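Residue-level structure breakdown
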Amino acid sequence: PEIAEGECTVVLDRTPFYGEGGGQVGDTGVISAGDARLAVQDTKKTDGVYLHICTVKNGIFRVGDKVNAAIDADRRAAIARNHSAAHLLQAALRTVLGTHVEQAGSFVDAEKCRFDFTHFAAMTKEELEKTEALVNAEILAGLPVTMTETELEKAKKMGAMALFGEKYGKMVRVVRMGDFSIEFCGGTHIDNTARIGLFKIVSETSVAAGVRRVEATT
């Protein structure tokens, strides 16, 4: 019924925290009630329930307490920049390498975006430079980023790119960046590509037969 020290998992009736999913890490931050404080070290999501992985910093928390939940906004903004950059990266790779390029996995946190994709050969220095320049051109263009919830079939008709291996319900969220990128995505994003600032490819490697990996940062 209550906790005053150690680690705990907290469930709230509603939350601003993003639960890990779709390749994006969970939010961190603070849950407080008066002077009592919980440090949220990670957020997971299971069957639509958000699980806040916490450590008690001080005070006592009881079942039924009203609390204030505050995400680490600077970290969230950095994650959003990298996630939006990953969408631009996919569109740029399809432009530079061809439409056979499809997402085969991704990981986004505050430091980097990692994007795995189908391609038959290592990218050349010229292809990497072209891809990076194309992403930066779209950042500089200041494209508006819009998020809309719509029916799955309507989203497909819009030309939205589906995520590899993801199962979709009847309603989906579509993230659009001007006319350059349109994808299914439940993650967090900035509202204009200009906010990404600068995009830099750090490495390009092989992860499996016919699958390449680009790591980049913003």
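Residues numbered from 1 in each chain as written. Predicted model: local features only at pLDDT ≥ 70, side-chain atom pairs only at ≥ 80, totals over all residues. Heavy atoms only, no water.

**Observations concerning helix α2 (residues 125–140)**
Side chains that are three or four residues apart share a direction in an α-helix, a result of its 3.6 residues per turn. In this model α2 runs 22 Å from its N-terminal to its C-terminal C-alpha over 16 residues, within 8% of the 22 Å that 1.5 Å per residue would give. Here α2 has its buried residues at Thr131, Glu132, Val135, Asn136, Glu138 and Ile139. Along α2, the residues classed as buried sweep out an arc of 160° about the axis, all on the same side. Along α2, the residues that are exposed and aim more than 90 degrees away from the buried face are Glu126, Lys130 and Leu140. Close packing links the buried residues of α2 with α1 (73–97) and β13 (200–208). Immediately downstream of α2, the backbone of Gly142 shows phi near 60°, a positive value. (Helix = DSSP H or I, 4+ residues; strand = E, 2+ residues; numbered from the N terminus. Expected span 1.5 Å × (residues − 1). Buried < 20%, exposed > 50% of the residue type's maximum accessible area, 1.4 Å probe, protein only. Arc of directions from axis to C-beta. Contact = heavy atoms within 4.5 Å.)

**Details of empty space enclosed by the protein**
Once rolled over the atoms, a probe with the size of a water molecule shows which space is left empty. Under the counting rule described, the total for this entry stands at 1 cavity of 30 Å³ or more. Lining the largest cavity are 10 residues, and of these His83, Ala86, His87, Gln103 and Ser106 lie nearest its centre. Broken down by secondary-structure element, the contributors of at least two residues to the lining of the largest cavity are α1 and β8 (103–108). Taken together, the residues that form the lining of the largest cavity break down as 4 nonpolar, 5 polar and 1 charged. (1 Å grid on protein atoms, 1.4 Å probe; cavity = no way out; pocket = protein on both sides within 12 Å on 5 of 7 lines; lining within 4 Å. Points joined across faces, edges and corners; volume = space filled by probe spheres on them. Nonpolar A, V, L, I, M, F, W, Y, C, P; charged D, E, K, R; others polar.)

**Quick look at the nonpolar core**
General note: in soluble globular proteins, nonpolar side chains tend to be found buried as a group. The biggest cluster of nonpolar side chains holds 31 residues, and the ones touching the most others in it are Leu88, Leu93, Phe117 and Phe199. Residue assignment for this core shows that the elements contributing at least two residues are α1, β9 (113–118), α2, β11 (171–177) and β14 (211–217). The element that contributes the greatest number of residues to this core is α1, accounting for 10 residues. Contact partners of Leu88, with chain neighbours within four places excluded, come to Val135, Glu138, Ile139, Met177, Phe180, Thr193 and Ile196. (Core = buried A, V, L, I, M, F, W, Y, C linked by side-chain atoms within 4.5 Å.)

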